[in-house]
Amino acid sequence: MVQNVAKTSFIALENIGKSYLQPNGQTISIIENINCQLQVGEIIALLGPSGSGKSTLMRMIAGLIPPSSGKVLYYNRPLVGLNPGVAIVFQNFALYPWLTVLENVELGLKAKGEPKDTRLQKALRMIDVIGLDGFENAYPKELSGGMRQRVGFARALAVEPELLCMDEPFSALDVLTAENLRFELLDLWLERRIPTKSILIVTHGIEEAVTLADRVIVLGRNPGRIRADLPIALPHYRDRKSPEFQALVDQVYKILTNPDLPDAPSQTTTTTSTLEPKVSSQPKYQSLPHVRIGSMAGLLELLEGRQEKDLYRLAQELLLEVDDLLPIVDASKLMELVTVTEGDIQLSSLGEKFINCNIDERKAIVRDLLQQNIRLVQQIFQLLQAKRNHRISEELVLDILENYFTSKEAQRQLRTAMDWGRYAELFSYDEPSGEIFIEETTSETEDLE
Ligand code: ADP
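Treat the numbers as computed from the prediction; the structure is a model and nothing was measured.

Concerning the packing of aromatic side chains
Working step 1: Inspection of the entire model under this criterion finds 8 aromatic pairs.
Working step 2: Considering the side-chain rings of Tyr 96 and Trp 98, the 5.1 Å spacing of their centres and the 55° angle between planes classify their relative orientation as tilted.
Working step 3: With a relative accessible area of 37%, Tyr 96 lands in the partly exposed category.
Working step 4: Residue classification places Trp 98 among the exposed positions, given a relative accessible area of 58%.
Working step 5: Cluster of aromatic residues (ring-pair linked, three or more members): Phe 10, Tyr 74 and Tyr 75.
Working step 6: The aromatic ring of Tyr 423 is capped on one face by Lys 363, whose charged end is 5.3 Å from the ring centroid.
Working step 7: Note that Arg 391 overlies the ring of Phe 437, its terminal NZ or CZ placed 4.6 Å from the centroid.

Observations concerning the site of the ligand
Working step 1: Every residue close to the ligand is listed here: Tyr 20, Ile 30, Pro 49, Ser 50, Gly 51, Ser 52, Gly 53, Lys 54, Ser 55, Thr 56 and Thr 406.
Working step 2: One of the side-chain nitrogen or oxygen atoms of Ser 55 is found 2.9 Å away from an oxygen atom of the ligand.
Working step 3: Thr 56 is positioned with one of its side-chain polar atoms (N or O) 2.5 Å from an oxygen atom of the ligand.
Working step 4: Protein chains bury 65% of the 560 Å² of accessible surface belonging to the ligand in isolation.
Working step 5: The biggest single contributor to the shell around the ligand is helix α1 (residues 54–61), with 3 residues.
Working step 6: Of the residues that constitute the shell around the ligand, the class distribution is 3 nonpolar, 7 polar and 1 charged.

A word on the nonpolar core
Working step 1: In this structure, Met 335, Ile 380, Trp 420 and Ile 436 are the most contacted members of the largest nonpolar core, which totals 113 residues.
Working step 2: Split by domain, the residues of this core number at least three in each of domain 1 (2–256) and domain 2 (293–437).
Working step 3: Not counting residues within four places of it along the chain, the set of residues in contact with Trp 420 comprises Leu 288, Pro 289, Val 291, Arg 292, Ile 293, Met 296, Ala 331, Met 335, Leu 370 and Ile 374.
Working step 4: Counting residues in each nonpolar core, the second largest holds 30 residues, with Ile 28, Ile 31, Met 60 and Ile 65 among its members.

Observations regarding the confidence of the model for the protein
Working step 1: Overall, the prediction assigns the protein a mean pLDDT of 87, with 91% of residues at 70 or greater.
Working step 2: Below pLDDT 50 for its whole length, residues 268–282 participates in 22 contacts with residues either more than four positions away or in separate chains.

Quick word on the pattern of salt bridges
Working step 1: Applying the stated criterion across every chain, the model contains 18 salt bridges.
Working step 2: Here Glu 162 and Lys 197 are joined by a salt bridge, their closest N and O atoms 3.0 Å apart. With Glu 162 in the loop between α4 (145–158) and β7 (163–167) and Lys 197 in the loop between α5 (175–190) and β8 (198–203), this residue pair connects regions lying 35 residues apart in the sequence.
Working step 3: Assessed through its relative accessible area of 30%, Lys 197 is described here as partly exposed.
Working step 4: For Arg 238, the salt bridge goes to Asp 214, with nearest N and O atoms at 3.8 Å. Of this pair, Arg 238 sits in the loop between β10 (225–231) and α7 (243–257) while Asp 214 sits in the loop between α6 (206–212) and β9 (215–220), and the two are 24 residues apart along the sequence.
Working step 5: Here Arg 238 falls in the buried class, since its relative accessible area comes to 8%.
Working step 6: Several salt bridges converge on common partners, so that one network encompasses Glu 179, Arg 182, Glu 207, Glu 208 and Arg 240.

Some points on the packing of helix α14 (residues 394–401) against helix α15 (residues 407–423)
Working step 1: Two numbers describe how α14 lies on α15: the axes approach to 9 Å, and their chain directions differ by 125°. Here α15 runs oblique to α14, going by the angle between their axes. Considering how the two elements wind past one another, α14 and α15 form a crossing that is right-handed. For the pair formed by α14 and α15, the contact residues are Glu 394, Val 397, Leu 398 and Leu 401 on the first element and Ala 410, Gln 411, Gln 413 and Leu 414 on the second.
Working step 2: The residue inventory of the contact of α14 with α15, partitioned by class, reads 5 nonpolar, 2 polar and 1 charged.

Thresholds, definitions, all that
Residues numbered from 1 in each chain as written. Predicted model: local features only at pLDDT ≥ 70, side-chain atom pairs only at ≥ 80, totals over all residues. Heavy atoms only, no water. Phe/Tyr/Trp six-rings, centres within 6.5 Å; stacked < 30°, edge-to-face > 60°. Buried < 20%, exposed > 50% of the residue type's maximum accessible area, 1.4 Å probe, protein only. Lys NZ or Arg CZ within 6 Å of the ring centre and 35° of its normal. Near = heavy atom within 4 Å. Polar contact = N/O pair within 3.5 Å; in protein donor to acceptor, adjacent residues only side chain to side chain. Areas by Shrake-Rupley, 256 points an atom, 1.4 Å probe, with all protein chains shown as cover. Helix = DSSP H or I, 4+ residues; strand = E, 2+ residues; numbered from the N terminus. Nonpolar A, V, L, I, M, F, W, Y, C, P; charged D, E, K, R; others polar. Core = buried A, V, L, I, M, F, W, Y, C linked by side-chain atoms within 4.5 Å. Domains from an automatic or database assignment. Contact = heavy atoms within 4.5 Å. pLDDT = per-residue confidence, 0-100. Salt bridge = Lys/Arg side-chain N within 4 Å of Asp/Glu carboxyl O. Axes fitted to C-alpha atoms, helices over the stretch in contact; angles between N-to-C directions. Parallel < 35°, antiparallel > 145°, perpendicular 65-115°, else oblique. Left-handed = near helix turned anticlockwise from the far one by under 90°.

As structure tokens, this is what we get:
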């Protein structure tokens, strides 16, 4: 590929799983069955929706947290503690405000036990390479976001890591600064001005992944798992308008918008050629995308009479990030208001009907759809029906959800189901008592008034 280095694997993930013990004593699996190898000379993008375990996986590779099952191998040996070959650039820069640029950059070297004089020399060199010359004695608060992230890069690169890990490094920056920094980093990598052997970038941006990476690993969630491992063979610098680039972006869109596609065959550290495609590990519980019915209605209205059905181009046209658009698409799909085939989105007949209805009719459609398609809403409704006073505690629902989701995610799932159920006037929620109840008592009271 770009760097003339033979492809050898130096980090391998073998059957990695990660689970967390919940406050209720349940163990929740957030990542399962991850097998892959990181090769020398490649930029790898870990791409997936939020909550698919990208950061967790990166942290396990860095040795910041151990896997619950399986092994991270570093030069074929199981990793114990911090990975000595890894440095990380964080999304929020993670600089010490009371230290100067130089002192911040020196920090990693200091932690590695680098002697004082070579430490200074290496830090100054990296400050120069990263374009921070003249800012050595500035404090982070005196710098713009882009310059702060340069400090983040310089600090990580000064230790000459074999693997540079970056966790959404450009997402806190404005669009132009992010674009500039992305290309400067690529320059440094392609011109081999940084000693790094490989780069792993965590991102939720499809274009960012296809622009930078030689390989895109697409993760799915619930549980986090590898859905695809795609080589990106286009030469740098890539033309985002070229048909080849757009075809790759489309391909990734198709994978992300089609959870029913089988996952990638598992790549093991021994051999890949004899493997049968892995049976898709289906999510264990239907997971609700966290969007409002109003957003779905907005999408449906936009689709009416529109020629452009391609999701990627639609997102571009609407200036929407994939992370903003996909949950709305997923939710509309769950509700059968749209169909998505091969990356093209289309209103379903119900979707057509929905947009031509008044608000009460829309509520009635959503009520039917929720009862037919949304498991959590069905469960809540059944629990409410089973109680004579038609009231249940939210704790009961959370207990069920915490068998499948972390407590934070369980809360979000419940909130989304409540939002949808309230819109459809299926049930309501009493904030102070944390009780969910069927609306009829309220409407009866209103009728009497
Ligand atoms: P991503 O980076 O793809 O957004 P994360 O790796 O941050 O995903 O998280 C994946 C899932 O693991 C999320 O549901 C998150 O809530 C959960 N998770 C992450 N860290 C912890 C933790 N320390 N305890 C419990 N759950 C966690």
